[in-house]
Amino acid sequence: MSTGLADNVRKLRRTAGLSQEGLAEAADLSLSTVRKAEQGGHVSMDTLGALARALGVSTSALFATDTPKSVVGAEDEANRRYLAELRRALMPPVGLSVPLSEPGEC
């Protein structure tokens, strides 16, 4: 069963761009301990402190009810559009001998 603490640890880890393995390494904990924390298991305050330090937050942030928003935002959507335009420019369709027509043109 998941708890607020477990959800916060998971969300903070994902926001930091870390895998469970990466968080375990950064916190100098075992992978099973990180998994246990994310699954709502009992973990010590020392473990929570290590997780918080590795995530760059205070220990109390792990218990906060207002968890962080995802890093993906509106500016990322603009970046996706620019990336799509760049892909079209750099990688035009191959093997087409005639230009594509607009819908409705036959």
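This write-up is about the structure you can find in this document. Worth saying up front: this structure is predicted, and the values here are computed from it rather than measured. (Residues numbered from 1 in each chain as written. Predicted model: local features only at pLDDT ≥ 70, side-chain atom pairs only at ≥ 80, totals over all residues. Heavy atoms only, no water.)

### Things to note about the overall build of the protein chain
Counting its secondary structure elements, the protein chain contains five helices and zero strands. Starting at the N terminus and ending at the C terminus, the protein chain contains elements arranged as α-α-α-α-α. Burial analysis of the protein chain (106 residues in total) assigns 20% to the buried set. Put simply, 53% of the contacts in the protein chain that link residues at least 6 apart link residues at least 24 apart. On the protein chain, roughly 7800 Å² of surface is accessible, and the fraction owed to carbon and sulfur atoms is 55%. (Helix = DSSP H or I, 4+ residues; strand = E, 2+ residues; numbered from the N terminus. Buried < 20%, exposed > 50% of the residue type's maximum accessible area, 1.4 Å probe, protein only. Contact = heavy atoms within 4.5 Å. Areas by Shrake-Rupley, 256 points an atom, 1.4 Å probe, with all protein chains shown as cover.)

### A word on the pattern of salt bridges
Per the counting criterion, the structure on display carries three salt bridges. Arg10 serves as the salt-bridge partner of Glu38, at 4.0 Å between the closest nitrogen and oxygen. Of this pair, Glu38 sits in helix H3 (residues 31-38) while Arg10 sits in helix H1 (residues 4-15); the two residues are 28 residues apart in sequence, bridging distant segments of the chain. Residue Glu38 is classed as buried on the basis of its relative accessible area of 3%. Among the ionic pairs, Arg13 bridges to Glu38, the shortest N-O distance being 2.4 Å. Of the two residues, Arg13 is situated in helix H1 and Glu38 in helix H3; the sequence distance between them amounts to 25 residues. You'll find Arg13 and Glu38 in the same group, each marked buried. Overlapping salt bridges bring together Asp7, Arg10, Arg13 and Glu38 as one network. (Salt bridge = Lys/Arg side-chain N within 4 Å of Asp/Glu carboxyl O.)

### With respect to a nonpolar patch on the surface
There is a patch of nonpolar side chains on the surface, built from Leu83, Leu86, Leu90 and Met91 and spanning about 430 Å² of accessible area. Along the chain, the position of Leu83 falls in helix H5 (residues 74-90). (Patch = residues over 30% accessible without salt bridge, like charges linked within 9 Å, V, L, I, M, F, W, Y side chains within 5 Å.)

### A look at the environment of Lys36
Structurally, Lys36 can be placed in helix H3. Not counting residues up to four positions away in its chain, the partners in contact with Lys36 are Gly41, His42 and Val43.

### Let's talk about unusual backbone geometry
Most peptide bonds take the trans form, and the phi angle of most residues other than glycine is negative. With a phi angle near 55 degrees, Asp28 is a residue other than glycine that sits in the positive phi range. Structurally, Asp28 can be placed in the loop between helix H2 (20-27) and H3. Look at Asp28 and you get exposed, because its relative accessible area is 71%.

### A word on the nonpolar core
The biggest cluster of nonpolar side chains holds 13 residues, and the ones touching the most others in it are Val9, Leu23, Val34, Leu51, Leu55 and Leu62. The set of elements that each furnish at least two residues to this core consists of H1, H2, H3 and helix H4 (45-55). With five residues, the top contributor of residues to this core is H4. Sequence-distant contacts of Val34, that is, excluding residues within four places in its chain, are made with Gln20, Leu23, Ala24 and Leu51. (Core = buried A, V, L, I, M, F, W, Y, C linked by side-chain atoms within 4.5 Å.)

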